[in-house]
Amino acid sequence: MKVGINVRLDVTKIDKERLYKGAKGTYLDLTTFVDTTNQDQYENNGFVSQSQTKEEREAGQKTPILGNVKVFYTDTSSPAGSSQYETTQKVGKVLQEAELLDDDIPF
């Protein structure tokens, strides 16, 4: 299954202390939950927040919601042997690897 997702973030809500330098740029770990079949009153299918550490999860702390996601395309035909779990993993990896920040952002 292929899924097209638009992501809208309020970058002013980013905790800049969570940015880290990598070999090819500055990165931020994000988490998203997407429900491809249901939308909220604003037609969003989910949200994006900064990823939590294990300690934050165990303590029940929440990170701020940075924005929303909207599914604009769903291809329900999936290749033989492909599972929903594999598809979810691929979508998560693409979102995680996407460079959401560039040098034009002033922080």
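Residues numbered from 1 in each chain as written. Predicted model: local features only at pLDDT ≥ 70, side-chain atom pairs only at ≥ 80, totals over all residues. Heavy atoms only, no water.

### A look at unusual backbone geometry
Okay, step 1: Positive phi, close to 65 degrees, is recorded for E43, a residue that is not glycine.
Okay, step 2: As for its position among the elements, E43 is in the loop between strand 4 (30-34) and strand 5 (46-50). (Helix = DSSP H or I, 4+ residues; strand = E, 2+ residues; numbered from the N terminus.)

### Let's talk about the side chain of D75
Okay, step 1: Inspection of the secondary structure puts D75 in strand 6 (residues 65-75).
Okay, step 2: Buried within the structure, D75 lacks any salt-bridge partner; K2 is the closest side chain of opposite charge, at an N-O distance of 5.0 Å.
Okay, step 3: Non-local contacts of D75, meaning those with residues more than four positions away in its chain, are made with M1 and K2. (Buried < 20%, exposed > 50% of the residue type's maximum accessible area, 1.4 Å probe, protein only. Lys, Arg positive; Asp, Glu negative; His and termini not counted. Salt bridge = Lys/Arg side-chain N within 4 Å of Asp/Glu carboxyl O. Contact = heavy atoms within 4.5 Å.)

### Re the sheet that holds strand 5
Across a sheet, paired strands are connected by hydrogen bonds in the backbone, their directions being either parallel or antiparallel.
Okay, step 1: Taking strand neighbours across the sheet as the criterion, the 4 strands line up as 1-6-5-4 in an open arrangement whose pairing is antiparallel. Looking at which strands have only one partner, the edges of the open sheet turn out to be strand 1 (2-9) and strand 4. Across the sheet, the mean angle from the axis of one strand to that of its neighbour is 30 degrees, orientation sign disregarded.
Okay, step 2: As paired elements, strand 5 and strand 6 share 4 bridges and run antiparallel to each other. Bridging across to strand 6, G46 finds its partner in V69. (Pairing = 2+ DSSP bridges. Axes fitted to C-alpha atoms, helices over the stretch in contact; angles between N-to-C directions.)

### Digging into the packing of aromatic side chains
Okay, step 1: Counted under the stated rule, the structure contains 2 aromatic pairs.
Okay, step 2: Ring centres 5.8 Å apart and planes at 40 degrees place the aromatic pair F33 and F47 in the tilted group. Highlighted residues: F33 in strand 4 and F47 in strand 5, separated in sequence by 14 residues.
Okay, step 3: Take F33: its relative accessible area is 52%, and that puts it in the exposed class.
Okay, step 4: F47 sits in the partly exposed class, given a relative accessible area of 29%. (Phe/Tyr/Trp six-rings, centres within 6.5 Å; stacked < 30°, edge-to-face > 60°.)

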